[in-house]
Amino acid sequence: MTLRQTYLSMKKKLPADAEVVLVMHGRGNDELAPSKDLLSDFNRRKAEFRADLGYATAFHYAWNACEFESRFRELILSNPASMARLQRLAEVSRKKDIYLVCYEGEDKPCHRKLLLQIAKEQFGADVDEKPFEP
């Protein structure tokens, strides 16, 4: 069994016995979601995107410009509630598949993928970062 990830529109296609953990604000797992400040900065950067900045999309520009990865990692690693929740998920995933789910499609960097990396690094979780295929 393992800790996995996918995006919201794939949720209905997941195996019936898989545990689904929604990692967006307001879905019961806010300790695993980006902070409102980080999301605001990210969205502000998306709005200032211009084609001449050297990025394929506004999403990719904003991810890098707001230093999303390093800020999100710091947010999770410094929050005892986040780390405790991620540790519990890592432990449960040894017995059954758990899918971390949020909005972003597979073609973009995403915080759920960062959560998998942190769970592997910090708790030795068995993770599968490959895109889910029904």
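Up top is the structure these notes are about.
Note that the structure is predicted; figures quoted are calculated from it, not measured. (Residues numbered from 1 in each chain as written. Predicted model: local features only at pLDDT ≥ 70, side-chain atom pairs only at ≥ 80, totals over all residues. Heavy atoms only, no water.)

## Comments concerning the side chain of K113
- Mapped onto the elements of the fold, K113 is located in helix α5 (residues 111-123).
- In terms of polar contacts, K113 uses its side chain to reach the backbone carbonyl oxygen of E106, at 3.1 Å.
- The contact partners of K113, leaving out residues within four places of it in the chain, are Q5, G105, E106 and K108. (Helix = DSSP H or I, 4+ residues; strand = E, 2+ residues; numbered from the N terminus. Polar contact = N/O pair within 3.5 Å; in protein donor to acceptor, adjacent residues only side chain to side chain. Contact = heavy atoms within 4.5 Å.)

## Description of the packing of aromatic side chains
- For the structure shown, the criterion picks out 8 aromatic pairs.
- Plain terms: the ring middles of F42 and F68 are 5.8 Å apart, the flat faces sit at 75° to each other, and that makes the pair edge-to-face. One end of the pair, F42, is in helix α1 (residues 36-47); the other, F68, is in helix α3 (residues 68-77), with 26 residues separating them in the sequence.
- The buried category is assigned to F42, whose relative accessible area is 6%. (Phe/Tyr/Trp six-rings, centres within 6.5 Å; stacked < 30°, edge-to-face > 60°. Buried < 20%, exposed > 50% of the residue type's maximum accessible area, 1.4 Å probe, protein only.)

## Concerning the nonpolar core
- Membership of the largest hydrophobic core comes to 37 residues, with the highest contact counts inside it found for L3, F68, L86, L100 and L115.
- Those elements that provide at least two residues to this core are β2 (19-22), α1, α2 (58-65), α3, α4 (80-92), β3 (98-102) and α5.
- Among the elements that make up this core, the one with the highest residue count is α5 (6 residues).
- Among all residues touching L3, those that are not within four sequence positions of it are L89, S93, I98, L100, L116, A119, A125, D126, V127 and D128. (Core = buried A, V, L, I, M, F, W, Y, C linked by side-chain atoms within 4.5 Å.)

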